[in-house]
Amino acid sequence: MADSVLAPAAGRPSHGAVAGVLLDIDETLVDLEGAMHQALREVTAPYAVLTEAEWTEFCLMFTRGSDDIYDRYVAREITFAEQRVQRAERCLANAGTAFVDGAAALAWLGAYEAAQPNYVRAFQDVVPLLDALDAAGVPYGAVSNNVHDYQRAKLDTAGLGRIKVLVGIDAVGAAKPDPAIFREGLRLLGTSAEATVHVGDNPRHDVMGAASAGLRGIWLNRSGRALPEDVAGSVAEQIAGLGELPALIGMT
């Protein structure tokens, strides 16, 4: 499929004043992929002997090549723990090995759950953005496709306890891109959809989903990816880092 890049900034639509900001968490506020890669290598080493290239492939398959398994968790077909084990099993199979039995899989899961939080960090551009929003008196919060308590602990571990408004998929029984989860964020912020932006790394969930609820969706494209052709027409604005957001929404 051909890729398409976004139109230049000059071609972006104009907007009114922003009264509130909602943000995705994983890969937007928190470097979850980096934490996962470090934890995966630490706890999976007893189960697989891999080259450096094979470790890279293993971690990328776990974080980026198992969306179908994670989607089953979001749809509540499997538990959070089950989706983690199934992703690990897929990666091990790709590497030509496997857990010897269910007990080994559970032991791996326990080790991974203990290790991953130790590596969770906020991206460096997060605190300056929150400082700017606080100084401007603009309320902010987070909307995530995971459950509230898990994400609350993640934000706190990453030093982002100041983010008080947090909506998880258990709040309204819906996940992004469903408009309901964004509307709950708006309710908690106390802002209108037309005066609120939502920023996230997933074009479909964070941008198109926000737009379906009447918000202004902005794509955070940290890695300079090209948009797939089938969503390019629905994603009008992008930033390479959160430091670009204040100017884009008229704060500076």
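Keep in mind that this is a model prediction, so the values were computed, not measured.

Q: Sorry, what's going on with the pattern of salt bridges here?
A: Pairing between side chains of opposite charge can happen when their charged atoms approach one another. One pass over the structure, following the stated rule, counts 15 salt bridges. Between K176 and D24 there is a salt bridge, with its nearest N and O atoms 2.9 Å apart. Of this pair, K176 sits in the loop between α8 (169–172) and α9 (179–189) while D24 sits in the loop between β2 (20–23) and α1 (32–44), placing them 152 residues apart in sequence. D131 is paired through a salt bridge with R162; the nearest N and O atoms lie 2.9 Å apart. Note that D131 is positioned in helix α6 (residues 126–136) and R162 in the loop between α7 (148–157) and β4 (165–167), a separation of 31 residues in sequence. We classify R162 as partly exposed; its relative accessible area is 29%.

Q: What's the story with the packing of helix α3 (residues 67–74) against helix α4 (residues 80–94) in this structure? I'm lost.
A: Each pair of packed helices can be described by the angle between their axes along with the distance between the axes. Here α3 crosses α4 at 170 degrees, and the two axes come no closer than 9 Å. On the basis of their axis angle, the class for α3 and α4 is roughly antiparallel. When α3 is examined against α4, the residues D68, I69, Y70, R72 and Y73 are found in contact with a partner set consisting of F80, Q83, Q86, R87 and R90. Looking at side-chain class alone, the contact of α3 with α4 contains four nonpolar, two polar and four charged residues.

Q: What is the right way to read the environment of D31 from this model?
A: Mapped onto the secondary structure, D31 falls in the loop between β2 and α1. Beyond its immediate stretch of four places on either side in the chain, D31 contacts R121 and F123.

Analysis parameters
- Counting starts from 1 at the beginning of each chain's written sequence and moves along it residue by residue.
- In keeping with the predicted nature of the model, local features appear solely for residues at pLDDT of at least 70, side-chain atom pairs appear and are counted solely at 80 or more, and the whole-chain, interface and lining totals rest on all residues.
- Side-chain numbers come from the whole structure's heavy atoms, not from hydrogens or water.
- Should a side-chain nitrogen of Lys or Arg be within 4 Å of a carboxyl oxygen of Asp or Glu, the pair is scored as a salt bridge.
- Every helix listed is a DSSP run of H or I at least four residues long, and every strand listed is a run of E at least two residues long, numbered separately from the N terminus.
- Burial status follows relative accessibility: with a 1.4 Å probe on protein chains alone, a residue under 20% of its type maximum counts as buried, one over 50% as exposed, and anything between as partly exposed.
- A fitted line through C-alpha atoms represents every axis, and for helices the fit uses only the stretch in contact; the resulting angles, taken between N-to-C directions, go from 0 to 180 degrees.
- For classification, angles of less than 35 degrees are called roughly parallel, those exceeding 145 degrees roughly antiparallel, those between 65 and 115 degrees roughly perpendicular, and all remaining angles oblique.
- Two residues qualify as a contact provided that any one of their heavy atoms is within 4.5 Å of a heavy atom in the partner residue.
- Ten residue types, Ala, Val, Leu, Ile, Met, Phe, Trp, Tyr, Cys and Pro, are classed as nonpolar, four, Asp, Glu, Lys and Arg, as charged, and the remainder, Gly among them, as polar.

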